[in-house]
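Given next are the chains, with one letter for each unit.
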Amino acid sequence: MEKIASPFVRNSASVGGNLVMAQKNGFPSDIATLFLGLSATVSLMTSHRLEKLTWEELLSRPPLESRTVLLSVSIPFKKDRNSKLLFETYRAAPRPHGNALAYVNAAFQADVSLCQNSILINNILLAFGAYGTKHATRAKKAEEYLTGKTLNVHVLYEALKLVKLAVVPEDGTLHPEYRSSLAVSYVFEFLYPFTDAHSAISGGPLNGINDISVKEVYETSKDGCISQGRKQTLLFSAKQVVESNTEYYPVGEPMKKVGAAMQAAGEAVYVDDIPSPPNCLYGAFIYSTKPLAGVKGIQLESNQLTDGVTTIITFKDIPTGGANVGAITMFDPEPLFADDLARCAGDRIAVVVADSQRSADVAARTALIEYETANIDSAILTVEDAVEKSSFIQIPPFLYPKQVGDFSKGMAEADHKILSAEVKIGSEYYFYMETQTSLAIPDEDNCMVVYTSSQCPESAQHVIATCLGVPANNIRVIARRVGGGFGGKAVRAMPVSTACALAAYKLRRPVRMYVNRNSDMIITGGRHPMKVTYSVGFKSSGKITALHLDLLINAGISEDISPILPLNVIKALKKYDWGALSFDVKLCKTNLTSKSAMRGPGEVQGSYIAEVIIEHVSSSLSMEVDSVRNKNVHTFESINLFYDNIVSVGEYTLPSIMDKLAVSSSFFQRSKMVEQFNQKNTWKKRGISRVPIVYETMQRPTPGKVSILQDGSIIVEVGGIEIGQGLWTKVKQMTAYALGLIESSWAEDIVEKVRVIQADTLSMVQGGFTAGSTTSESSCEAVRLCCNVLVERLTPLKK
């Protein structure tokens, strides 16, 4: 017997707590199943005596008494030279619960030996848990059947039938068939690699060991144990070396991200971590559940959980001189609240304000909205509906992309054609860790301080001031850090901070909002869905001669930043030389929540569309897709034709980058290995590809301010927002480098003296917005220019 030393268990207290949860509350414990699969035993100190039990006996007993102490957990280990040990654990869990609770977990242990190039099962233990029973159990009939048998497909098949009979969820368990099938699949994956049939078909076990027999698999194991999936023939070792350039020290030096320790310790302050001021209220959105309907009134259900409700804020509460505005971009503004007509499911109708966030959320969720649907047109929910009803958002001429070449001529040159093929791209939710949140605090002289999780505090300030009808200098917006943005904390964050500020302005009390995940997913929007119909002509060699696209973009109910999407899509699509390129792009206005910027808006879809077409062409010609990609990569002449002469001689490096990647990754050798693997493996397939991507970067003006205090410490303010991308870290390094020009030996010390502080719209004006992957660099340049001025002033003083 060996006392357990496992990464799963830190001490007996954690095991005991897990056990109590499993016994009393039906908690689907992973540890309980693990120990059952390991034939663990436990030592208990009860009020009467010391007891030793098997883990299985412990699970079947009533819950432990509060005075019982779990002293130890031990795992028996018997090593036999003539046999080997198999052990694996399995688990599958749904994402909505954060992977915490499994559908099924399992732990399998088998003692096996080699018998005439086959595997003999001397003993086996199959433990399953979390599938809808009070505690983890064993499939004992399957164990008895397998014990003493030589493993082959017939034996495995009969064992799987017994496992299916053993793993039966109790009545009322969700997805019972799925859970049973998972259990069966786990046993299959555990044992099938060691059947003679698998050896004949694929040359080796399922988990990546190919071209070897069952005997070789058995004999190549170490220390008497077989651990599947350890030999990965397609994996290559790698090493990354960061070479520093001391000329710009400490810029580019590997260093711990600023704030990383605080974030890891949970000490970093996000908006929701700011302590609530006295008399603080909490808000939650009441939004439409219908895509298009009149709003006649709102009624709150009366129950104990909504007793703390203070009031409901609607468009009628916007002060005189203010405007019903929730978001402003370079295009048309978006209303904060629906007035008499809700234009989409998720359209904000009101904010309910209560004395706790829970009361506000419950009141908003249970609110009864009286709708009027008579004499109202049917909702436009798809791009096809929008085309039929000519519901479009205008694309400004300067944002409409340019076509290339003569499509008709290109199609005439083609040996093959694909006509009117379709591809549909769905939407995507941001799934930031921190949902939309804001805190608004009324200040003296009709002013307001608003803390917000926003990528563009300056825009939030402008929208709030416009809504309240006050000067912008009455509104101070502060953004310290953002818990994930991906574009969702840009335009889509504005209505949250504006609604919060409106409620605080009306009630003259602090108001905060933390939008719960369900509401956030409904009202925030996300990536633009698209429907693409394409016709493409190409030669037998794989060279494409012409491409036409009919592109329908679902923009939702308002413009947001949607008019920039067509240009972004086509720019990304132009990464290949299509010969001639024509298109018809329509921006469809539908009764869906407004779609917005999301990590590479348009570029992601454009690149995806390009790859779909390349894959389709290669499939039609039965050619390797990589060779078709190579045939259509731009030359220097074609890229200037497609991108309006933006590249000079020597600047177009994509072909050479692809060649270097092929060499450094052993791409072609690995492609052959993948092909061989797929020929030999029935159930598992592999793939490998190299995909070029182009992305146009643009630098926007970004302010910066560097202040040196009396003790030599340094305060830096920039327009960029820290969203986890390391902006503050880069800014600190640039500050140290630039001020170190006075005396280079100071640079290392200066890093520790620099503090980058939160964005404040009344301290750092014209901050712009953080997006496009260049804000860190722009902020660093602003800081460098500031430091140049300071160096010029301080150098004479040093001398």
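Here is what the cut-offs are and how they apply
- Residues numbered from 1 in each chain as written.
- Predicted model: local features only at pLDDT ≥ 70, side-chain atom pairs only at ≥ 80, totals over all residues.
- Heavy atoms only, no water.
- Helix = DSSP H or I, 4+ residues; strand = E, 2+ residues; numbered from the N terminus.
- Buried < 20%, exposed > 50% of the residue type's maximum accessible area, 1.4 Å probe, protein only.
- Contact = heavy atoms within 4.5 Å.
- Areas by Shrake-Rupley, 256 points an atom, 1.4 Å probe, with all protein chains shown as cover.
- Lys, Arg positive; Asp, Glu negative; His and termini not counted.
- Charge placed at Lys NZ, Arg CZ, Asp CG, Glu CD.
- Patch = residues over 30% accessible without salt bridge, like charges linked within 9 Å, V, L, I, M, F, W, Y side chains within 5 Å.
- Salt bridge = Lys/Arg side-chain N within 4 Å of Asp/Glu carboxyl O.
- 1 Å grid on protein atoms, 1.4 Å probe; cavity = no way out; pocket = protein on both sides within 12 Å on 5 of 7 lines; lining within 4 Å.
- Points joined across faces, edges and corners; volume = space filled by probe spheres on them.
- Nonpolar A, V, L, I, M, F, W, Y, C, P; charged D, E, K, R; others polar.
- Phe/Tyr/Trp six-rings, centres within 6.5 Å; stacked < 30°, edge-to-face > 60°.
- Core = buried A, V, L, I, M, F, W, Y, C linked by side-chain atoms within 4.5 Å.
- Axes fitted to C-alpha atoms, helices over the stretch in contact; angles between N-to-C directions.
- Parallel < 35°, antiparallel > 145°, perpendicular 65-115°, else oblique.
- Left-handed = near helix turned anticlockwise from the far one by under 90°.
- Pairing = 2+ DSSP bridges.
- Polar contact = N/O pair within 3.5 Å; in protein donor to acceptor, adjacent residues only side chain to side chain.

An unreviewed UniProt entry annotates the chain as Primary amine oxidase 1 originating from Datura stramonium.

Each helix and strand counted, the chain has 24 helices and 27 strands in total. Overall, the C-alpha framework of the chain stretches about 85 × 80 × 80 Å when taken along its three principal axes. With 799 residues in all, the chain has 51% of them scored as buried. Partitioning the contacts of the chain with sequence separation of at least 6, the portion at a separation of at least 24 is 75%. Surface exposure of the chain reaches about 38,900 Å², of which carbon and sulfur atoms provide 52%. Here the chain carries 81 positive and 81 negative side-chain charges, and the mean point of each set is 5 Å from the other.

In this section: a nonpolar patch on the surface. A surface patch of nonpolar side chains, about 340 Å² in accessible area, is lined by Met 45, Leu 50, Val 69 and Leu 71. In this fold, Met 45 is placed in strand 2 (residues 41-45). A relative accessible area of 36% places Met 45 in the partly exposed class.

Here we come to empty space enclosed by the protein. Counting across every chain of the model gives four cavities of 30 Å³ or more. Estimates place the volume of the largest cavity at around 100 Å³. Residue lining of the largest cavity: 13 residues in total, with Glu 334, Cys 344, Asp 347, Arg 348 and Ile 557 positioned closest to the centre. Of the residues belonging to the lining of the largest cavity, the class tally is four nonpolar, four polar and five charged. Roughly 60 Å³ of internal volume is contained in the second largest cavity. Lining the second largest cavity, in full, are Pro 457, Glu 458, Val 718, Gly 719, Ala 759, Asp 760, Thr 761, Met 764, Gly 767 and Gly 768. Breaking the lining of the second largest cavity down by element, the ones donating at least two residues are helix 13 (457-468) and strand 27 (759-760). Residue composition of the lining of the second largest cavity, grouped by class: four nonpolar, four polar and two charged.

Enumeration according to the criterion identifies 15 aromatic pairs in this entry. Residues Tyr 248 and Tyr 737 carry aromatic rings whose centres are separated by 5.6 Å and whose planes lie at 65° to one another, so their mutual orientation is edge-to-face. Taken as a pair, Tyr 248 in the loop between strand 9 (225-226) and helix 9 (260-264) and Tyr 737 in helix 22 (residues 727-739) lie far apart in primary sequence, 489 residues in all. By relative accessible area, which is 38% here, Tyr 248 ends up partly exposed. Judged by centre distance (5.8 Å) and plane angle (5°), the ring pair of Tyr 430 and Tyr 432 falls under stacked.

The subject of this paragraph is the nonpolar core. Proteins that are soluble and globular tend to have nonpolar side chains buried together. Counting residues in each nonpolar core, the largest one holds 57 residues, and the members touching the most others are Tyr 534, Leu 549 and Trp 578. Broken down by element, the residue count for this core peaks at seven residues, all from helix 17 (residues 603-621). Ile 121, Leu 151, Leu 160 and Ala 183 belong to the second-largest nonpolar core, a separate cluster that totals 34 residues.

We now examine unusual backbone geometry. The step from Tyr 249 to Pro 250 runs through a cis peptide bond, and the omega angle for that step is 5°. Within the secondary structure, Pro 250 sits in the loop between strand 9 and helix 9. The residue Ala 130 is not glycine, and still its phi comes out positive at about 65°. Mapping Ala 130 onto the fold places it in the loop between strand 7 (118-129) and strand 8 (137-138).

With that settled, consider the packing of helix 16 (residues 565-573) against helix 17. At their nearest, the axes of helix 16 and helix 17 sit 7 Å apart, and the two run at 40° to each other. What the angle tells us is that helix 16 and helix 17 run oblique. The element helix 16 and its partner helix 17 pack so that their crossing is right-handed. Facing Asn 568, Val 569, Ala 572 and Leu 573 of helix 16, the residues of helix 17 in contact are Glu 603, Gly 606, Ser 607, Ile 609 and Ala 610.

Attention shifts here to the pattern of salt bridges. Considering all chains together, one arrives at 30 salt bridges under this definition. A salt bridge links Lys 531 to Glu 422; the shortest N-O distance between them is 3.7 Å. On the criterion of sequence distance, the pair formed by Lys 531 in strand 21 (residues 530-538) and Glu 422 in strand 16 (residues 416-425) is long-range, its members being 109 residues apart. Lys 531 sits in the buried class, given a relative accessible area of 14%. The exposure class of Glu 422 is partly exposed, given its relative accessible area of 49%.

Strand order in the open sheet formed by three strands is 24-25-26, and the pairing between neighbours is mixed. Strands at the two margins of the open sheet, each flanked by one partner only, are strand 24 (704-708) and strand 26 (754-756). The sheet shows a mean angle of 20° between the axes of neighbouring strands, taken without regard to direction. Bridge analysis of strand 25 (residues 714-718) against strand 26 gives three bridges, and the strand direction is parallel.

Within strand 10 (residues 281-287), seven of the seven residues are buried, which leaves it mostly tucked inside the rest of the structure. Note: strand 10 against strand 20 (residues 511-514), three bridges, orientation parallel. Across the sheet, residue Tyr 282 finds its bridge partner in strand 20, namely Arg 512. Taken together, the six bridges between strand 10 and strand 14 (residues 348-354) define a ladder with antiparallel strand orientation. Paired with Gly 283 across the two strands is Val 353, which belongs to strand 14.

Reading across the sheet, the eight strands line up as 12-14-10-20-17-18-19-27 and stay open at both edges, with mixed pairing between neighbours. Looking at strand neighbours, the two that pair on one side only are strand 12 (309-313) and strand 27, the edges of this open sheet. Pairing of strand 17 (residues 437-443) with strand 18 (residues 447-452), which is carried by six bridges, proceeds in the antiparallel orientation. Looking across to strand 18, one finds that Pro 442 is bridged to Met 448. The sheet strands contacting helix 14 (residues 494-507) are strand 10, strand 12, strand 14, strand 17, strand 18 and strand 20, and the helix crosses strand 17 at an angle near 30°.

With that out of the way, let us pick up the environment of Ala 92. Within the secondary structure, Ala 92 is located in strand 5 (residues 84-92). As for Ala 92 and Ser 47, which are separated by 45 residues in sequence, their C-alpha atoms are 39 Å apart. With near-sequence residues (within four places) excluded, Ala 92 lies in contact with Ala 102, Tyr 103, Val 104, Leu 182 and Tyr 186.

Let's shift gears to the side chain of Arg 527. Mapping Arg 527 onto the fold places it in the loop between helix 15 (517-523) and strand 21. At a separation of 3.1 Å, a polar atom in the side chain of Arg 527 contacts the main-chain carbonyl oxygen of Met 598. A polar contact of 3.2 Å, which involves the side chain of Arg 527, links it to the backbone oxygen of Arg 599. If sequence neighbours within four positions are ignored, Arg 527 has contacts with Ser 427, Glu 428, Lys 595, Met 598, Arg 599, Gly 600, Pro 601, Val 604 and Gln 605.

Okay, the packing of helix 22 against helix 24 (residues 775-798) next. A pair of packed helices is characterised by two quantities: the angle between their axes and the separation of those axes. For the pair helix 22 and helix 24, interaxial distance at closest approach is 9 Å and the crossing angle is 25°. If you check the angle between helix 22 and helix 24, you find them roughly parallel. Crossing of helix 22 against helix 24: the hand is right-handed. Residue-level contacts link Leu 727, Lys 730, Val 731, Met 734, Thr 735, Ala 738 and Leu 739 of helix 22 to Thr 775, Ser 776, Glu 777, Ser 779, Cys 780, Val 783, Arg 784, Cys 787, Leu 790 and Val 791 of helix 24. Among the residues forming the contact of helix 22 with helix 24, the class breakdown is ten nonpolar, four polar and three charged.

Turning our attention to the side chain of Ser 43. With respect to the helices, strands and loops of the structure, Ser 43 is situated in strand 2. Those residues in contact with Ser 43 that sit more than four places away from it in its chain are Leu 50, Glu 51, Lys 52, Val 69, Leu 70, Leu 71 and Ser 72.

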